[in-house]
Each structure stands twice: as structure tokens, then as C-alpha cells.
Amino acid sequence: MVENSELRKAGLKVTLPRVKILQMLDSTEQRHMSAEDVYKALMEAGEDVGLATVYRVLTQFEAAGLVVRHNFDGGHAVFELADGGHHDHMVDVETGEVVEFVSPEIEKLQKAIADEHGVELVDHNLVLYIRKKK
């Protein structure tokens, strides 16, 4: 099972709640889920995993590099699987919908700005807050 090897590779013991949560994150269409979203999805699937366990496991997954936590303004923390690829986010301020995007032009500009200031860009998070045009 892929989930088991991912957990072991991350240095985590393979437990049923960890496997179920990792499977949920991997199989859902919703890439950004709060702990409450994960808990509700597990309950709907008939899985008996408590909310406190979901919070604890997501924190362990974050520490192990399996998920990335985002704290978008005006909302609670959401998690997404760490797939190794960099992307930025747009968050709809009215609906909370999160849209991922990749822009080579923005990446190039950020590096150029860092170079102009004589520094090296080691990491960044870009979040654009949006709303539908009326």
C-alpha cells in the first residue's frame, strides 16, 4: 500500500487513523481541507476517527513534511498534500474557494527583486485575495 510506505518514509508508525486520513487527503477532489473538513469526510465515509485525532495526525503529517498547512487571512488553517511542486494561491474572499496557480513570470520577477536587493530567495508564499467581478 502506497500510504504505508509514505508513512514509514516520513518516520511515522503506520496506524489505521493515519492511513485513513492520508487516503482521504489523497482521494478527495478538494485539495485544501481543514481538520473539520477531513473529520466530516471521514464520518460520511463511515470511519470512526475523532476530531482530536484528526488534528493530532495533521500536525504530525505537517511536521513530517507530508502536508502543508496554510493559514489564509480570514479563515482557519487548511491542509494540502505536499506534492513537491511549488504553486501559489488565490482565495475568494466571499466564498473561501482556493485556486492554485503557477506563473513562471511571477517566479522570475520575485527572483529578480531578491537579486536587486542582494539577497537569495529561499522560499515564499504568494496569496492573492480575490472576488468575482460584478
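What you see is a predicted model, and the numbers here were worked out from it, not measured in a lab. Per chain, the residues get numbers from 1 upward, laid out in the order the sequence is written. This being a predicted model, a pLDDT of at least 70 is required before a residue's local features are given, and a value of 80 or more before pairs of side-chain atoms are given or counted; all residues contribute to the totals for chains, interfaces and linings. Where side-chain values are given, they derive from all heavy atoms of the structure, hydrogens and water being excluded.

Draft legend 1. Structural detail: the overall build of the chain. Put simply, DSSP marks the helices as runs of H or I at least four residues long and the strands as runs of E at least two long, and each gets a number from the N terminus on. Scanning the chain from terminus to terminus reveals five helices and five strands. Reading the helices (α) and strands (β) of the chain from amino to carboxyl end gives α-α-α-α-β-β-β-β-α-β. Each principal axis of the C-alpha distribution contributes one length, and for the chain these read about 50 × 40 × 20 Å. Method for areas: the Shrake-Rupley scheme with a 1.4 Å probe, in which residue coverage is limited to the protein chains shown. As displayed, the chain offers around 8,800 Å² of accessible surface, 53% of which is attributable to carbon and sulfur atoms. In summary, the charge assignment counts Lys and Arg as positive and Asp and Glu as negative, without counting His or the chain termini. Positions of charges follow a simple convention, taking NZ of Lys, CZ of Arg, CG of Asp or CD of Glu. Between the averaged position of the 15 positive side-chain charges in the chain and that of its 24 negative side-chain charges there is a distance of 3 Å.

Draft legend 2. Looking closely at the side chain of His-32. Take His-32: it is sitting in the loop between helix H2 (16–27) and helix H3 (35–44). In this structure His-32 comes out as buried when scored by relative accessible area, which is 8%. Polar contact criterion, stated in full: a pair of N or O atoms within 3.5 Å, where within protein one must be able to donate a hydrogen and the other to accept it, and residues adjacent in sequence count only if both atoms are side-chain atoms. Engagement of the side chain of His-32 in a polar contact is seen with the side chain of His-89, the distance being 3.1 Å. In terms of polar contacts, His-32 uses its side chain to reach the side chain of Glu-100, at 3.2 Å. Excluding residues that lie within four positions of it along the chain, His-32 makes contacts with Asp-37, His-70, Val-78, Phe-79, Glu-80, His-89, Val-98 and Glu-100. Relative accessibility thresholds used throughout: buried, under 20% of the residue-type maximum; exposed, over 50%; partly exposed, between the two (1.4 Å probe, protein chains only). Residue contacts follow a heavy-atom distance rule, with two residues in contact if any of their heavy atoms lie within 4.5 Å.

Draft legend 3. Structural view of the layout of surface pockets. Volume-wise, the largest pocket comes out at about 420 Å³. Throughout this entry, Asp, Glu, Lys and Arg are counted as charged residues, while Ala, Val, Leu, Ile, Met, Phe, Trp, Tyr, Cys and Pro are counted as nonpolar. The remaining residues, Gly among them, count as polar. Here the lining of the largest pocket is composed, by residue class, of six nonpolar, eight polar and six charged. Cavity means a closed set of points on a 1 Å grid over the protein atoms alone, one where a 1.4 Å probe fits but cannot get out, pocket means an open set with protein on both sides within 12 Å along at least 5 of 7 lines, and lining means a residue has an atom within 4 Å of a point. Grid points are joined across faces, edges and corners, and a volume is the space filled by probe spheres set on the points. In this structure, the second largest pocket encloses a volume near 200 Å³. If you go around the second largest pocket, you meet 14 residues; those closest to its centre are Val-68, His-70, Glu-80, Gly-85 and His-87. Only strand E1 (67–70) and strand E2 (78–81) provide two or more residues apiece to the lining of the second largest pocket. Along the lines of polarity and charge, the residues of the lining of the second largest pocket split into three nonpolar, eight polar and three charged.

Draft legend 4. A look at the nonpolar core. Residues belong to one nonpolar core when they are buried, are Ala, Val, Leu, Ile, Met, Phe, Trp, Tyr or Cys, and are joined through side-chain atoms within 4.5 Å. Of all hydrophobic cores here, the largest spans 21 residues; its most connected members are Ile-21, Leu-25, Val-38, Val-54, Leu-58 and Phe-61. If you tally residues by element for this core, the top one is H2, at five residues. For Val-54, the residues in contact, after removing those within four places along its chain, are Ile-21, Ala-35, Val-38, Tyr-39, Leu-42 and Val-49.

Draft legend 5. Structural context of the pattern of salt bridges. The rule for a salt bridge is simple: a side-chain nitrogen of Lys or Arg has to be within 4 Å of a carboxyl oxygen of Asp or Glu. Across all of its chains, the model carries eight salt bridges by this definition. With a closest N to O distance of 2.8 Å, Glu-100 and Arg-31 form a salt bridge. Taken together, the positions of Glu-100 in strand E4 (residues 98–101) and Arg-31 in the loop between H2 and H3 put the pair 69 residues apart, joining distant regions of the chain. The exposure class of Glu-100 is partly exposed, given its relative accessible area of 30%. One salt bridge in this structure joins Glu-62 and Arg-69, with 2.9 Å as the shortest N-O distance. Classification of Glu-62 as partly exposed rests on a relative accessible area of 31%. With a relative accessible area of 29%, Arg-69 lands in the partly exposed category.

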